[in-house]
Amino acid sequence: MKSNPEAVAVLKKCERYFLQALTSISPPHVDVKRFLIAHSGGLDSQVLLALASQLLPASKLYVVHINHHLQGEASQWAEFSYRQAVSRSIRHTVMDVFPDDGSENAARDARYSAFEQIIQPGDWLLMGHHADDQAETILFRMLRGAGLLGLSGMAVTRPLGIGRLVRPLLMLSRVELEQAADFLELDYINDPSNQDIVYDRNFLRHKVLPSLKQRWPQVLERWQKNAELMAESHDLLETYLDTDLMLCVDSLGCFNLQAWEGFEPPKRRALLRHWIYRRTGHRINQNQLQVITVDVLQAKADANPVYQLGEYALRRFSGRLYLDLDGLAPLGSLRDEVPAGSEGVYDLGDATVHISAASVGLKTLSGVVIKRRKGGERCRPQGKKHSVSVKKLLQEAAIPPWYRANWPLLYVGDELVAVPSICICEGWYSEKSGFSVLWCSF
Ligand SMILES: Nc1ncnc2c1ncn2[C@@H]1O[C@H](COP(=O)(O)OP(=O)(O)OP(=O)(O)O)[C@@H](O)[C@H]1O
């Protein structure tokens, strides 16, 4: 380890920022089960590993290297990563991925899905992105066109699968990481493809950012500040949208177009995108919004438009939008019979039935079982003179056709006692105290 006061100060700064990033996250990092260190073997991940092994309990550390099998040296890099972990007595794993093509995007997608596979609840995956990566990301997004969220850059932390991704080096520049690596005498891999300015990111890194930094030495800090302000505005906007969204989303979780049309056009666009995000986790772009507007919202009144959004299908029916996991509608691999003898939320595989105490409703839950509709069922809704088919009840309630076939029904023995979200059957209704029975799509 070389001793020079400037280098010592940089290393101290790296340690301080690393710990500050970790302690800014809730729940606290002391409760984390495992810290998975995403380790490519490059400069940033070597500094990340060095800091983690110095500042975090060794028993919780776990190094993860992704072998993309894209370059001749790939197995040597995996070997290098292994040696780095073993020399610090840290557990190590290599995950093999085979990206769809040789592009940066395909490699990134494959890498992140591997991380999602290995991460467990209570784990944090530490990545080595730094302030120069952040500036490149923002610049790249500006060039492609982005809104508030895109210009917020990379977050210090975000959920990843069932765990959490954390970037403890995000506030440190590449030069600082180089100084720290030099001071700690760390070897690191120089991926030759990082020099090739055919790739947009490399072009920005080698040709654009150096000129900006030369002219405006504070550019990294300023862009990071901008990114934080954008992220804050975006979070605030989402809070406001959540409030308005409650006016548009009904008890079945679908989007009521009549309520939505009461808003001004910019808010309408924001609300629709926000509903889609809350329901699916997908953030749609302007082009997708335009296609949805034309193909779904403006489709003829008697059409049954469908828009495919990843694994979800967006449908319009009777003045509402529905977003369901595709393949589960029409309903196929479902739980057909679920005992429901007490209050609670019953998972049917494609949707849930919520049973809760209410001032009026189903008089008892004793012996109640939820079964799928098979067809031909009839019941006499409470307060009506005649019995009616369940098919007709579902039609009258404007339940979309793709839900009707397997609609859950509540039975006691062979007797139909309630149709969730629709009615309680005669003889099973209590005006004193009972249970409400609601169906909800996921
Ligand atoms: N092969 C790999 N194995 C494990 N982690 C990796 C690998 N490649 C990259 N990483 C992680 O990602 C961080 C950023 O790496 P790099 O800047 O090369 O990726 P990027 O493509 O710019 O980022 P992103 O993956 O977020 O788009 C590294 O510090 C490391 O934590």
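Residues numbered from 1 in each chain as written. Predicted model: local features only at pLDDT ≥ 70, side-chain atom pairs only at ≥ 80, totals over all residues.

Novice: Explain the sheet that holds strand S10 (residues 320–325) to me, please; I cannot follow it from the model alone.
Specialist: For sheets, the rule is that strands pair by backbone hydrogen bonds, running either parallel or antiparallel. Ordered in space as S7-S10-S9-S8, the four strands form an open sheet in which the pairing is antiparallel. The open sheet terminates on both sides in strands that have one partner only, identified here as strand S7 (255–256) and strand S8 (306–309). Pairing of S7 with S10, which is carried by two bridges, proceeds in the antiparallel orientation. Note on S10: the bridge partner recorded for Asn256 is Arg320. (Pairing = 2+ DSSP bridges. Helix = DSSP H or I, 4+ residues; strand = E, 2+ residues; numbered from the N terminus.)

Novice: What is the right way to read the packing of helix H2 (residues 43–55) against helix H7 (residues 174–183) from this model?
Specialist: Between two packed helices, what matters for the description is the angle formed by their axes and the separation of those axes. Put simply, H2 and H7 touch, their axes get as near as 10 Å, and they point 60° apart. Classed by the angle they form, the pair H2 and H7 counts as oblique. For H2 against H7, the interelement crossing comes out left-handed. Within the contact between the two elements, H2 uses Leu43, Asp44, Gln46 and Val47 and H7 uses Leu177, Glu178, Ala180 and Ala181. Taken together, the residues of the contact of H2 with H7 break down into five nonpolar, one polar and two charged. (Axes fitted to C-alpha atoms, helices over the stretch in contact; angles between N-to-C directions. Parallel < 35°, antiparallel > 145°, perpendicular 65-115°, else oblique. Left-handed = near helix turned anticlockwise from the far one by under 90°. Contact = placed C-beta atoms within 7 Å. Nonpolar A, V, L, I, M, F, W, Y, C, P; charged D, E, K, R; others polar.)

Novice: Even after reading the chapter, I still don't get the packing of helix H5 (residues 131–144) against helix H8 (residues 200–215), so can you show me in this structure?
Specialist: Viewed as axis vectors pointing N to C, H5 and H8 meet at an angle of 110°, and their least axial separation amounts to 10 Å. Judged by the inter-axis angle, H5 sits roughly perpendicular to H8. Facing Asp132, Ala135, Glu136, Leu139 and Phe140 of H5, the residues of H8 in contact are Asp200, Arg201, Leu204, Arg205, Val208 and Leu209. Per-class residue counts for the contact of H5 with H8 are six nonpolar, no polar and five charged.

Novice: Is there a simple way to think about the site of the ligand in this case?
Specialist: Around the ligand, the structure places 14 residues, and the nearest of them are Ala38, Ser40, Ile66, Met127 and Gly128. Of all the elements in the fold, those that place two or more residues in the shell around the ligand are H2, strand S2 (61–67) and helix H4 (104–118). For the shell around the ligand, the leading source of residues is S2, giving three residues. By residue class, the composition of the shell around the ligand is four nonpolar, six polar and four charged. (Near = placed C-beta within 6 Å.)

Novice: Looking at this model, I keep getting lost on the nonpolar core. Mind explaining?
Specialist: Side chains that are nonpolar tend, in soluble globular proteins, to be buried together. Within the largest apolar cluster, 47 residues are counted, with the highest numbers of intra-cluster contacts made by Phe35, Ile37, Val47, Ala52, Leu125 and Leu126. Apart from residues lying up to four places away in sequence, Ile37 is in contact with Leu48, Leu49, Ala52, Leu61, Tyr62, Val63, Val64 and Leu126. Of all hydrophobic cores here, the second largest spans 26 residues; its members include Trp407, Leu410, Ala418 and Val419. (Core = buried A, V, L, I, M, F, W, Y, C linked by C-beta atoms within 7 Å. Buried ≥ 20, exposed ≤ 12 C-beta atoms within 10 Å, placed from the backbone.)

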